[in-house]
Amino acid sequence: MLADWNQTHLFNPDWPLHARFHDAQTILLGSLLGAGGLYSLRRSGGRPGRNLALGALLPSLFWISQAGSFLFPGAEGLEAEFPEKVPRIGGVRLNERAASALMLALLALGYSIEYGRRS
């Protein structure tokens, strides 16, 4: 979300107002999904297994939607407009695809570890 709070996104003077609206919507949606996930993980009542599942599922929805956005016609990541802002490690660009894959892998790993610990 903080990655959008700059001149390449929310404050980009070349972006139409409606594009900024959708960027703001994305920032809020990601924040709310993350907060919902944290709430589920910290919740002491209810069913612990369900709380754990929701704690992993809610934030994963943001990263799934980001990865899925590349399937839409003409949709590209930051590197299409600002390639100098996207770092590389070993020739691999650390773009939105990489961020989505990494975050989903970390969410799955965290869920698996905690699920195994509870079993």
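Our subject is the structure that appears above.
All of the points below concern the structure found in this document. Model, not experiment: these values are computed from the prediction.

**A closer look at helix α2 (residues 48-68)**
Working note: α-helix, 3.6 residues per turn, so residues spaced by three or four point in the same direction.
So, step 1. Helix length check: α2 (21 residues) gives 30 Å between terminal C-alpha atoms against 30 Å at 1.5 Å per residue, within 8%.
So, step 2. A maximum bend of about 30 degrees is found in α2 at Ser 60.
So, step 3. Those residues of α2 lying buried are Asn 51, Leu 52, Gly 55, Ala 56, Pro 59, Ser 60, Phe 62 and Trp 63.
So, step 4. In this structure, the buried side of α2 is in contact with α1 (17-42) and α4 (96-118).

**Focus: the layout of surface pockets**
So, step 1. The computed volume of the largest pocket comes to approximately 1,100 Å³.
So, step 2. Forming the boundary of the largest pocket are 35 residues, of which Asp 4, His 9, Asp 23, Gln 66 and Glu 96 lie nearest the centre.
So, step 3. Of all elements in the fold, only α1, α2, α3 (78-81) and α4 reach the threshold of two or more residues within the lining of the largest pocket.
So, step 4. Examining the composition of the lining of the largest pocket, we find that 7 residues originate from one element, α1, more than from any other.
So, step 5. Tallied by class, the residues present in the lining of the largest pocket amount to 17 nonpolar, 12 polar and 6 charged.

Cut-off values and rules
- Residues numbered from 1 in each chain as written.
- Predicted model: local features only at pLDDT ≥ 70, side-chain atom pairs only at ≥ 80, totals over all residues.
- Heavy atoms only, no water.
- Helix = DSSP H or I, 4+ residues; strand = E, 2+ residues; numbered from the N terminus.
- Expected span 1.5 Å × (residues − 1).
- Bend = angle between axes of the 7 residues up to and from the residue.
- Buried < 20%, exposed > 50% of the residue type's maximum accessible area, 1.4 Å probe, protein only.
- Contact = heavy atoms within 4.5 Å.
- 1 Å grid on protein atoms, 1.4 Å probe; cavity = no way out; pocket = protein on both sides within 12 Å on 5 of 7 lines; lining within 4 Å.
- Points joined across faces, edges and corners; volume = space filled by probe spheres on them.
- Nonpolar A, V, L, I, M, F, W, Y, C, P; charged D, E, K, R; others polar.

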